[in-house]
Amino acid sequence: MHQPLAEDNTAILSAIDQLVRQWRPLTFIPKQDQQLSDSDTLNAYLSYYGLDQLPAAQHGFGFLNVSGDRICTQYWMPEKPYGKLFLVHGYYDHVGLYRHAIEFGLRHNMAVVAFDLPGHGLSDGERATVDDFEHYTAALADVFEQAKKLPVAGPNVGLAQSTGCAVLLKYQLDRASWFQAEATFTAQIFLAPLVRPKGWKFGRFAHWLVSPFMASLRRVFSQNSHDEQFLELIQRDPLQPRILSLRWVGAMKRWIAQAEQASCLDVPTLMIQGNEDHTVDWRYNVPLLCTKLPRHHIYWLNTGMHQLINESPELRAEYMAVADSFVDSFLRTRKPHEAA
């Protein structure tokens, strides 16, 4: 399920292996989802990724069964929350790396719901491999439906990074094509959204050339953030996949075609994009998404790289101030008796 054991990761990987043997189905009933709150293995996982430093909140941890896979799902419930923030991580990432996003939601007194995509983090599935992004949206759909059990009033807001933006958008586009589909997200924040990657014209040809003969390529870790501590963590993170799946690239190819042909989606969207991002083709992606998301606002982050959720503290503070104002505008509808 996980990457081969690295010598300096023995303790944490042992704890993770024990954790996935101990976990139980998540009920989204806070009193029932705290069975592991005193578990040494859960605390080791939280400590390793800095999630033990989050503001005080009820923490639910477990899994959901989606298409035969156990999807690791977590939520954080502050006192008297208003609104839910759904996090969708990027390719190669997992919830353990999204402390800053969780803090963002808790700072706004929202319940935060997050999950590891299939094939990522603690979730089941072939590592970093999928045949269609529908496998990702199926997981999001189940998480979203199950999270309705949480006793939380207010709007549903999505926050996604890179491939997570594609998952969040595809989920809504697919639903919009259904007859009288119920609205899902009140607003959303896209960080470095993926439609197509940088160098896609060559990449598409290379994929066509080599995919009949190879299943994957060795992953090359890129300099995608100014935060040196984060880059060091990624290098030693035992949950990091070490391959680029060519099946995943094929799934992305189908996503690109869908995005290009999609109708408009009437959801207020804040797009944040760094101009030093060498992972996605933002010069193509952002204009395309602007045509598909007419209620958009773009914030260009000067010197921002791709891994915006884990950028340097200075750059995070800059764009988070914009995100704060954006989210606050959807939380002002709170009724006086619902105030925290």
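Our structure's up above, just so we're on the same page.
Everything numeric in this text was worked out from a predicted model, so none of it was measured.

Chemist: For this particular structure, what's the right way to read the nonpolar core?
Modeler: Most often, soluble globular proteins have nonpolar side chains that are buried together. By size, the foremost hydrophobic cluster in this structure holds 58 residues, and its most contacted members are Phe133 and Trp248. When residues in this core are grouped by element, the largest group, eight residues, is from helix α8 (residues 246–261). Residues in contact with Trp248, not counting those within four places in the same chain, are Tyr91, Ala128, Val130, Phe133, Tyr136, Thr163 and Leu194. The next biggest cluster of nonpolar side chains, apart from the first, holds 54 residues, and it includes Leu42, Leu46, Leu51 and Val112.

Chemist: Mind showing me how you'd approach helix α10 (residues 313–331) here?
Modeler: A rise of 1.5 Å per residue sets the reference length of α10, with its 19 residues, at 27 Å; its end C-alpha atoms lie 25 Å apart and thus fit the reference within 8%. Within the span of α10, buried status applies to Leu315, Arg316, Tyr319, Met320, Ala323, Asp324, Phe326, Val327, Phe330 and Leu331. Check the buried side of α10 and you find it contacts β3 (82–88), α3 (99–107), β5 (153–161), β6 (187–191), β9 (269–274) and β10 (296–301).

Chemist: How do you make sense of the packing of helix α4 (residues 134–146) against helix α5 (residues 163–176) when you look at a structure like this?
Modeler: The geometry of a pair of packed helices is captured by two quantities: the angle between their axes and the separation between those axes. Where α4 contacts α5, the two axes come as close as 9 Å, and the packing angle between them is 80°. Between α4 and α5, the angle falls in the class roughly perpendicular. Of α5, the residues touching α4 (which contributes Glu134, Tyr136, Thr137, Leu140, Ala141 and Phe144) are Val167, Leu168, Lys170, Tyr171 and Asp174. Among the residues forming the contact of α4 with α5, the class breakdown is seven nonpolar, one polar and three charged.

Chemist: When you look at the pairing of β5 in this model, what are you seeing that I'm missing?
Modeler: Moving residue by residue along a regular strand, the side chains alternate between the two faces of the sheet. The element β5 is extensively covered by neighbouring structure, given that seven of its nine residues are classed as buried. In the sheet, β3 pairs with β5 via six bridges, with the strands oriented parallel. In the strand pairing of β5, Phe86 is matched with Gly158. Bridge analysis of β5 against β6 gives five bridges, and the strand direction is parallel. In the strand pairing of β6, Gln161 is matched with Leu191.

Chemist: Would you mind showing me how to read the pattern of salt bridges here?
Modeler: It is possible for side chains bearing opposite charge to pair when their charged atoms get close. Taken as a whole and assessed by the stated rule, the structure comprises eleven salt bridges. The partner of Arg99 in a salt bridge is Glu103, and the shortest N-O contact between them spans 3.2 Å. Here Glu103 and Arg99 lie together in helix α3, a separation of four residues that amounts to about one turn. The exposure class of Arg99 is partly exposed, given its relative accessible area of 22%. Residue Glu103 is classed as partly exposed on the basis of its relative accessible area of 22%. A salt bridge links Arg107 to Asp324, with the nearest nitrogen and oxygen atoms 2.7 Å apart. Here Asp324 lies in helix α10 and Arg107 lies in helix α3, a separation of 217 residues in the sequence. With a relative accessible area of 18%, Asp324 lands in the buried category.

What counts, and where the lines are drawn
- Residues numbered from 1 in each chain as written.
- Predicted model: local features only at pLDDT ≥ 70, side-chain atom pairs only at ≥ 80, totals over all residues.
- Heavy atoms only, no water.
- Core = buried A, V, L, I, M, F, W, Y, C linked by side-chain atoms within 4.5 Å.
- Buried < 20%, exposed > 50% of the residue type's maximum accessible area, 1.4 Å probe, protein only.
- Helix = DSSP H or I, 4+ residues; strand = E, 2+ residues; numbered from the N terminus.
- Contact = heavy atoms within 4.5 Å.
- Expected span 1.5 Å × (residues − 1).
- Axes fitted to C-alpha atoms, helices over the stretch in contact; angles between N-to-C directions.
- Parallel < 35°, antiparallel > 145°, perpendicular 65-115°, else oblique.
- Nonpolar A, V, L, I, M, F, W, Y, C, P; charged D, E, K, R; others polar.
- Pairing = 2+ DSSP bridges.
- Salt bridge = Lys/Arg side-chain N within 4 Å of Asp/Glu carboxyl O.

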